[in-house]
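# Working through the structure, step by step
Chain residues, written in single-letter form:
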Amino acid sequence: DRGNVIVKLDRAEGLLPAREQIPRDHHRQGDYVRAVVLDVDKMAKGPQVILSRTHPDFLRRLFEAEVPEIADRIVEIKAIAREAGARSKISVYSKDPRVDAVGSCVGLKGSRVQSIVRELGGERIDIVPWSGDPSVFVSRALSPAKVLDVRVQEEESRMQVVVADDQLSLAIGKGGQNARLAAKLTGWRIDLIS
């Protein structure tokens, strides 16, 4: 319906608006749709369930379904930054020192993360180990770029991050995407310096 998708639920209908669909999504009649419930609009004639495939919570739920350690609360998802259909960063932390948070999310030969990537139509997912030290966390969040030095400016919640000349474009990412997602993930403003 005009780019929106109407999804049959058990005893109701769900609406997947065009803005909540991943750009490369193609839905046909009879397809199963995985989505997260964003809202229930009680104003409409009969309650309407609004679904989303672009919301960060959708990524969170996919990881909970795919990674038993997250479902069992051994590994915790600390933050998610997402540009649906293109790239996401997710920071994880293990409460058990014997469990590798990133390893459990990636799975054997990448099996767990690959099934999530397939569900999201090839969206790239960076899994970042969380750290209580903001400068360590920010330098991990900028991966795959290697960070040389971090200068913290607490009062402005900014960080000056120094990277090697050949790493600058990697740290910024295509259209500034890597730096933008790292800033969203960590909650710090990041100034990159070569």
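Structure's up top.
Computed from a prediction, not measured in an experiment: that's the story for all the values here. (Residues numbered from 1 in each chain as written. Predicted model: local features only at pLDDT ≥ 70, side-chain atom pairs only at ≥ 80, totals over all residues. Heavy atoms only, no water.)

### Quick look at the packing of helix α5 (residues 134-141) against helix α7 (residues 177-186)
As a packed pair, α5 and α7 sit with axes 9 Å apart at the nearest point and diverge in direction by 145°. α5 and α7 meet at a crossing whose hand is right-handed. Residue-level contacts link F137, V138 and A141 of α5 to A182, L185 and T186 of α7. Taken together, the residues of the contact of α5 with α7 break down into 5 nonpolar, 1 polar and no charged. (Axes fitted to C-alpha atoms, helices over the stretch in contact; angles between N-to-C directions. Helix = DSSP H or I, 4+ residues; strand = E, 2+ residues; numbered from the N terminus. Left-handed = near helix turned anticlockwise from the far one by under 90°. Contact = heavy atoms within 4.5 Å. Nonpolar A, V, L, I, M, F, W, Y, C, P; charged D, E, K, R; others polar.)

### Thoughts on the packing of aromatic side chains
Per the counting criterion, the structure on display carries 2 aromatic pairs. With 5.4 Å between their ring centres and 75° between their planes, Y93 and W130 make a pair best called edge-to-face. Residue Y93 is located in strand β6 (residues 87-94), and its partner W130 is located in the loop between β7 (124-129) and α5; the two are separated by 37 residues in the primary sequence. Owing to a relative accessible area of 28%, W130 belongs among the partly exposed residues under this scheme. Ring pairs connect the aromatic residues Y93, W130 and F137, which therefore count as one cluster. Sitting over the ring of W130, K78 keeps its end group 4.3 Å from the ring centre. (Phe/Tyr/Trp six-rings, centres within 6.5 Å; stacked < 30°, edge-to-face > 60°. Buried < 20%, exposed > 50% of the residue type's maximum accessible area, 1.4 Å probe, protein only. Lys NZ or Arg CZ within 6 Å of the ring centre and 35° of its normal.)

### Let's talk about the sheet that holds strand β10 (residues 189-193)
Read from one edge to the other, the open sheet built from 3 strands follows the order β8-β9-β10, with strand pairing classed as mixed. Sheet topology places β8 (147-153) and β10 at the edges, where each strand pairs with a single neighbour. For this sheet, the mean angle separating the axes of adjacent strands, direction not counted, is 20°. (Pairing = 2+ DSSP bridges.)

### Looking at the nonpolar core
F63, I90, V92, L120, I125 and I127 are the most contacted members of the largest nonpolar core, which has 21 residues in total. Counting only elements with at least two residues in this core, the list comes to α1 (56-66), β5 (75-83), β6, α3 (101-106), α4 (111-119) and β7. The element best represented in this core is α1, accounting for 4 residues. With residues up to four places along the chain from it excluded, the contact list for V92 reads V75, E76, I77, A101, V102, C105, I127, V128, P129 and W130. (Core = buried A, V, L, I, M, F, W, Y, C linked by side-chain atoms within 4.5 Å.)

### Things to note about the sheet that holds strand β4 (residues 48-52)
Taken in spatial order, the 4 strands line up as β1-β2-β4-β3 in an open sheet, and their pairing is mixed. Since the sheet does not close on itself, it has two edges, and those belong to β1 (5-8) and β3 (36-41), each with one partner. With direction set aside, neighbouring strand axes in the sheet form an average angle of 35°.

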